[in-house]
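Here are the chains, one letter per residue:
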Amino acid sequence: MSLIPKKGNVYVVDDDEAVRDSLQWLLEGKDYRVKCFDSAESFLSRYDPREVACLIADIRMDGMSGLELQDRLLERRSPLPVVFITGHGDVPMAVQTMKKGAMDFIEKPFKEDELLALVERMLDQAREAFSSHQEAASRDALLSRLTTREAQVLERIVAGRLNKQIADDLGISIKTVEAHRANIMEKLNANTVADLLKIALGAPAKA
């Protein structure tokens, strides 16, 4: 068994067993971890969005098509990068998938080096998207700690309102605004107003 870590996870969804076997052989030979599925439905039932991965899918399949699969992933707000395998004459359909966010499409018979280059691009994107997703999830978890009133105060801090203006907006005293502000800073682990703004606006705060 190789002790070299795998390069990344690649999902292959195609109802043609020969295509699945060919892609698995090619990609595993380049040290990718490959998971094959014979239908979009079986893939969706087992897809783990917590994995850093990319997807290679046939655009035309029995049952759910590649286009429908892409729509389902969009509904789930999945960051999974996708490339579609297309047959001759499917280019207009493939262009439609790219308008919806697919990274690319590749026509059969595809060139191995082109596919491998696409997989590497997709995994680079997947790593970036996963990192952004984790940051957003961490930010959402922090913001969910706030009470409704604290969220209202934070919204006004972000808008650049002064304590007196916030007090007037919400019909509360300046002391109450200051108390809410202190609670917000503590709950969001913010040491400065700059940290607070970075968290509230989605920019990564410095550790």
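Scroll up a little and you will see the structure.
This report concerns the structure included in the present document.

Reading guide: rules and limits
Residues numbered from 1 in each chain as written. Predicted model: local features only at pLDDT ≥ 70, side-chain atom pairs only at ≥ 80, totals over all residues. Heavy atoms only, no water. Helix = DSSP H or I, 4+ residues; strand = E, 2+ residues; numbered from the N terminus. Expected span 1.5 Å × (residues − 1). Buried < 20%, exposed > 50% of the residue type's maximum accessible area, 1.4 Å probe, protein only. Arc of directions from axis to C-beta. Contact = heavy atoms within 4.5 Å. Polar contact = N/O pair within 3.5 Å; in protein donor to acceptor, adjacent residues only side chain to side chain. Axes fitted to C-alpha atoms, helices over the stretch in contact; angles between N-to-C directions. Parallel < 35°, antiparallel > 145°, perpendicular 65-115°, else oblique. Nonpolar A, V, L, I, M, F, W, Y, C, P; charged D, E, K, R; others polar.

### Focus: helix 1 (residues 17-29)
Here is step 1 of the chain: Relative to the 18 Å expected for 13 residues at 1.5 Å per residue, helix 1 spans 18 Å between its end C-alpha atoms, a close match to the ideal helical length.
Here is step 2 of the chain: Among the residues making up helix 1, those that are buried are V19, R20, L23, L26 and L27. Along the long axis of helix 1, the arc covered by the buried residues comes to 140°, so they all point the same way. What points out from helix 1, more than 90 degrees from its buried face, is the exposed set E17, A18, W25 and G29.
Here is step 3 of the chain: For helix 1, the elements touching its buried residues are strand 1 (9-13), strand 2 (33-37), strand 3 (53-58), strand 4 (82-86) and helix 5 (112-143).
Here is step 4 of the chain: You can read the cap of helix 1 off the contacts: a side-chain oxygen lies 2.9 Å from the backbone nitrogen of A18, and it is on D16.
Here is step 5 of the chain: Trailing helix 1 by a residue or two, D31 shows a phi angle of about 75°, which is positive.

### Quick look at the packing of helix 6 (residues 148-158) against helix 9 (residues 193-201)
Here is step 1 of the chain: The N-to-C vectors of helix 6 and helix 9 enclose an angle of 105°; their axes lie 10 Å apart at closest approach. By the angle class used here, helix 6 and helix 9 are roughly perpendicular. On helix 9, the residues touching L154, I157 and V158 of helix 6 are L196, L197, A200 and L201.
Here is step 2 of the chain: For the contact of helix 6 with helix 9, the residue count by class is 7 nonpolar, no polar and no charged.

### Focus: unusual backbone geometry
Here is step 1 of the chain: With an omega of -10°, the peptide bond between K108 and P109 qualifies as cis.
Here is step 2 of the chain: Here P109 lies in the loop between strand 5 (104-107) and helix 5.
Here is step 3 of the chain: Even without a glycine there, the phi angle at D31 is positive, about 75°.
Here is step 4 of the chain: For R77, which is not glycine, the phi dihedral falls at a positive 55°.
Here is step 5 of the chain: The residue R77 is located in the loop between helix 3 (66-75) and strand 4 in this model.
Here is step 6 of the chain: By relative accessible area, which is 75% here, R77 ends up exposed.

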